[in-house]
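# Geometric and topological summary
If you want the building blocks of each chain, they are given just below.
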Amino acid sequence: MTHRPTRRALAAGAAALPATFFIGSAQAQSTAQSTLERVSQGNQLRIAVVSGSPPYFRRDVATGEWTGAAIEMARGIASVWSAKVVFVESTFGNSVLDLQSNKIDIAFALNPTPQRALAIGFTRPYIVAPFGCLAKAGFAPKTWGDLNKSDVRIAFDLGSLHETCARRFAPKARLTGFKSIDDCVLALQSGRVDAQVIAATIGLSTVGRNPSLGPFHLLNTPIVSLPSCYGIQREPDTRFVEVVNAWIDFNRGIGTIREQMIAGLALNGVTPEQVPAELSF
């Protein structure tokens, strides 16, 4: 005769099991997929896209199609898994939060600041971009010392690495912060400032949209260059970042990333001849 266990017997048996049994079971059930597992099994790579941000992103208003260097990079990375690229609209600042909340798998064109590194992981650099400036007509600075004078008025967008560089390398100048890069450009065009500190990729794109602002002046003594990386989720499984790092190393080595960046700059009318040789892709 088969005896069915009573509820009391089941409860007693459960009570006899060690606590680690339940903890382990709960952890196993709640363990989230790693990024590599999610991309390879779901055949989707979710990326943050930022409107109006060539050379990385540009969206055609009529068709809704996304183009730009980051779009081509994303397609190249997704092809490793034969995955489709899924676009999630964001901003460069919010893309860090999007990674933390698992809305995206990768964010492009981020400088790996220590503060950001507390929250997310980073790949190896895909470019190292030098800094320089746009300047008023007749002013052609070549070094940071040319800007670091009490009679030189300098603009930068608040809270950016442009501000960090201006304050560090031109502290004697008359420094003015503006809300956005476009506000800095307006200040330069109207004669309220003499120069605008700006990274090479952004400066070249700005000149491409408005050639009267050119040329872009690459500053040296010292040459100030900062890496740009892809942001990723921080997780115990490192396979995804290892694959992406391998993709970066390979495609930098064969010149694909340089071609993608130059094509992205061309969206704003920048010619290959305008790209400084010191701009390392």
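Cut-offs used in this document
Residues numbered from 1 in each chain as written. Predicted model: local features only at pLDDT ≥ 70, side-chain atom pairs only at ≥ 80, totals over all residues. Heavy atoms only, no water. Buried < 20%, exposed > 50% of the residue type's maximum accessible area, 1.4 Å probe, protein only. Helix = DSSP H or I, 4+ residues; strand = E, 2+ residues; numbered from the N terminus. Contact = heavy atoms within 4.5 Å. Phe/Tyr/Trp six-rings, centres within 6.5 Å; stacked < 30°, edge-to-face > 60°. Core = buried A, V, L, I, M, F, W, Y, C linked by side-chain atoms within 4.5 Å. 1 Å grid on protein atoms, 1.4 Å probe; cavity = no way out; pocket = protein on both sides within 12 Å on 5 of 7 lines; lining within 4 Å. Points joined across faces, edges and corners; volume = space filled by probe spheres on them.

### Section: helix α10 (residues 200-209)
Every α-helical turn comprises 3.6 residues, leaving residues that sit three or four positions apart pointing alike. Of all 10 residues making up α10, 8 are buried, and the element is well covered by its neighbours. Lining the buried residues of α10 we find β7 (127-135), α9 (181-189), β10 (195-199) and α12 (256-266).

### Side note on the packing of aromatic side chains
In this structure the tally under the stated criterion is 8 aromatic pairs. Ring geometry for F57 against W66: centres 6.5 Å apart, planes inclined by 90°, an arrangement best described as edge-to-face. Both residues of the pair, F57 and W66, belong to the buried class. Here the aromatic residues Y56, F108, Y126 and Y230 are joined through ring pairs into a cluster of three or more.

### Overview of the nonpolar core
A general trend in soluble globular proteins is that nonpolar side chains are found buried together. F108, Y126 and Y230 are the most contacted members of the largest nonpolar core, which totals 55 residues. Those residues in contact with Y126, other than ones at most four positions away along the chain, are Y56, M73, A109, S228, C229, Y230, I248, R252, I257, M261 and F281. C133, W144, L147 and V197 belong to the second largest nonpolar core, which has 18 residues in total.

### Observations regarding the layout of surface pockets
Approximately 880 Å³ is the volume found for the largest pocket. As for the largest pocket, its lining consists of 33 residues, and the residues nearest its centre are F92, D157, H162, I181 and I202. Taken together, the elements giving at least two residues each to the lining of the largest pocket come down to β5 (106-110), β7, α8 (161-169), α9, α10 and β12 (225-232). The greatest single-element share of the lining of the largest pocket, amounting to 5 residues, is contributed by α10.

Bear in mind that shape data such as this cannot, by itself, settle questions of function.
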